[in-house]
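Coordinate analysis (summary)
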Amino acid sequence: MPDLLLELFSEEIPARMQAKAADDLRRMVTDKLVAEGLVYEGAKAFATPRRLALTVHGIPARQPDLKTERRGPKVGAPDAAVQGFLKATGLKSLEEAKIQRDPKGDFYIGLIEKPGRDAIDVLAEILPVIIRTFPWPKSMRWGARSGKPGSLNWVRPLHAITATFGLETEQPDVVKFEVDGIEAGQTTYGHRFLAPAPIQVRRFEDYEAKLLAAKVVLDPERRKDAILSDAKQLAFAQGFELVEDQNLLDEVAGLVEWPIVLMGSFEPEFLKTPDEVIRATIRNNQKCFVVRDPRTGKLANKFILVANIEATDGGATIIAGNERVIRARLSDAKFFYETDLKTKLEDRLAKFEQIVFHEKLGTQAERIKRIERLAAEIAPLVGADVGKATRAAHLAKADLLTEVVGEFPEVQGLMGKYYALAQGEDASVAAACEEHYKPQGPADRVPTDPVSVAVALADKIDTLVGFWAIDEKPTGSKDPYALRRAALGVIRVVLDNQIKISLREVAREHLERSYGKQYLEVAEKLDDLMVFFEDRLKVQLRDQRARYDLVDAVLNSGSLVQGHPLVVIVRRVEALGKFLDSDDGKNLLAGTKRASNILSIEEKKDKRLYHGAPNAALYNLDEEKALAEAIDEVQVEASAAVAKEDFAAAMSAMAKLRPPVDAFFDKVRVNDDDPKVRENRLKLLNEIRSATRAVADFSKIQD
């Protein structure tokens, strides 16, 4: 079947837009093909700084013929209705219509046949529409063509369109259309400087090969691989290691079509500035990589740049130009760093009194005081020194007012650590200045030093409690204050460090103390916040491949809303999972669900609940007595084990229910003819349900 080659050749496309643009092009074209009945075999899109390209293979040469039936008026309907039906279906007379028998009367049915069109004609129709409606995040309209004003909005001026369609074994045809005076054809262009001449192409394989010969690597993944490999080799040859940076690699690959890796250097004196500042300076200003000395682990006074041209002087001029810019930027960074060191962190804090954190939550200074108080309260719970935790919370935000962080926001916290160490603060206090922001994502590390843990929890809990107090919660996909990330951060810090605290109690005390009576519907707000935590816990455990139904079962039995500690809930989930993997667990689950199902049916039918203790005098069978005795024994054992947080023992106690439950359902008829016996047996079933709920709500567990 025929293949499509499409290229949109333009001025430089911003690197940050390329990947999404390629995906949008593939999606828009293939969705439209499928909508037109042209089901393709495969498609792949590419992007370079100057082009978007798409190949779609296995497209049918022609649309299938379409046959549809249209129901018309009743037989004997007024002439106007009949004429409207004939016009809509294209029938010449009612003799060409069928009659459909129906209890409501006989109806005319018209068969409409729409012959399929050649795929190339369909493409000529849909491609210009896609180009004109392409969803660039930012676009421009440029000057006139052939005396007419331009009408196309595109990210940068569009210069050429290549569009061919045909079989692999034949010369393809040009898909004939035009957009804003640009006619589709078979002409593209190679590298702007190394091979700017026009190139005639036929199909994708020919196109990709000719571009490569014209110094254009079409596939961004191949460009990334080439850059990374060459950069590593160049660093190794000089005795260094490349500091890899995936985001920078993605960006640089979007800046070049023919990557050439070169190495430059800067003065060793700049290495007195922290490594992270050097890296941020070189990365942000010149899109260059840094290298480290493997013997020391510290940065070397070298950098790696990626050029887009094979220079006749071996790249000397390019290297010199980058060195000149980097030298100036590093000089600025060194000045900022040295200037920052002259002012102590706490001497900066007064400025926070004029900086509003949130109009309803006060200034940054007020927020820092709240975090200090909360960190001091959390410190004993996590084994941290109260004085150090308070001091760390006091200083943790101060680096936001420094020159370096103002220039490079991504090093906030980290610079706080450096400045704290420079002014002689305790190592744990300095570490907390950096680590209290962590974890900032699923791949980020979790703080383990008790002081860092106390401040990290205080910072995040204060944020969550504050925004819940003023009813500014995440809605849908909107989360402007990153509250979901804050909650996940709390969960990870607590679980990774196995901290046994009640989030509800900590949040309650902080809410009451920090926000007074003006926001207090305390119970409602706390319940809602704890439910939010539970939702985030489910996300966290699901990412760890825990079963969502087991999480629901445990939370229904003992939740954050009730004040249960996170670590206890997770241990219970783990124990329940192991129990249900055993034969005892599987069979007890089946028996418990059977009891719940019978109860639900009978309670619905009788319009009442069968709660309350059964009457032992009404037990007629040994199986009833054995089950009742087992339930009493298991409830005592399981409750005691849960109280001691020995969930393995609680599950072992639950296992003792399996034989009497099996025997009960094997020998006992629940719906006895005697109403009193029936009621008593239903109450006994409810006792099974109540006994198992000491550990988990088994009704939430999927079979």
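From a predicted model like this one, the values you see are computed outputs, not experimental measurements. (Residues numbered from 1 in each chain as written. Predicted model: local features only at pLDDT ≥ 70, side-chain atom pairs only at ≥ 80, totals over all residues. Heavy atoms only, no water.)

A look at the pairing of strand 17 (residues 289-292)
Both strand 15 (residues 241-242) and strand 17 contribute to a ladder of two bridges, which runs antiparallel. Opposite Leu242, over in strand 17, you have Val291 as the bridge partner. As paired strands, strand 17 and strand 18 (residues 299-307) are joined by three bridges and run antiparallel to one another. Bridge pairing in strand 18 links Arg292 to Leu299. Hairpin connection from strand 17 to strand 18: six residues lie between these consecutive antiparallel strands, with Gly297 at a positive phi of about 80 degrees. (Pairing = 2+ DSSP bridges. Helix = DSSP H or I, 4+ residues; strand = E, 2+ residues; numbered from the N terminus.)

What about the environment of Ala456?
Its place among the elements puts Ala456 in helix 15 (residues 450-469). Given a relative accessible area of 0%, Ala456 falls into the buried group. Considered as a pair, Ala456 and Ala393 are 63 residues apart in the sequence and their alpha carbons are 8.9 Å apart. Aside from chain neighbours lying at most four places away, what touches Ala456 is Glu435, His436, Lys438 and Pro447. (Buried < 20%, exposed > 50% of the residue type's maximum accessible area, 1.4 Å probe, protein only. Contact = heavy atoms within 4.5 Å.)

What to know about the pairing of strand 12 (residues 182-185)
Here is the key point about a regular strand: its side chains alternate between the two faces of the sheet. When strand 9 (residues 158-166) meets strand 12, the two strands line up parallel, connected through two bridges. Across the sheet, the residue bridging to Thr162 is Gly185, located in strand 12. Relative to strand 12, strand 11 (residues 178-179) is paired through two bridges, and the arrangement is antiparallel. Across the sheet, Glu178 pairs through a bridge with Glu183, a residue of strand 12. Counted between consecutive antiparallel strands, the loop separating strand 11 from strand 12 contains two residues, among which Asp180 sits at a positive phi close to 55 degrees.

A look at the pattern of salt bridges
Counted under the stated rule, the structure contains 64 salt bridges. Two residues, Glu505 and Arg508, come together in a salt bridge whose shortest N-O distance is 2.4 Å. Taken together, the positions of Glu505 and Arg508, both in helix 17 (residues 503-515) and three residues apart, correspond to about one turn of that helix. You can call Glu505 partly exposed: its relative accessible area is 34%. On the basis of relative accessible area, Arg508 is assigned to the partly exposed category, the value being 25%. (Salt bridge = Lys/Arg side-chain N within 4 Å of Asp/Glu carboxyl O.)

Side note on the domain arrangement of the protein
Looking at the protein, the domain boundaries give domain 1 (3-61 + 118-213), domain 2 (69-114), domain 3 (220-341), domain 4 (347-577) and domain 5 (582-700). Domain 2 and domain 4 are separated by 70 Å when their C-alpha centres are compared. (Domains from an automatic or database assignment.)

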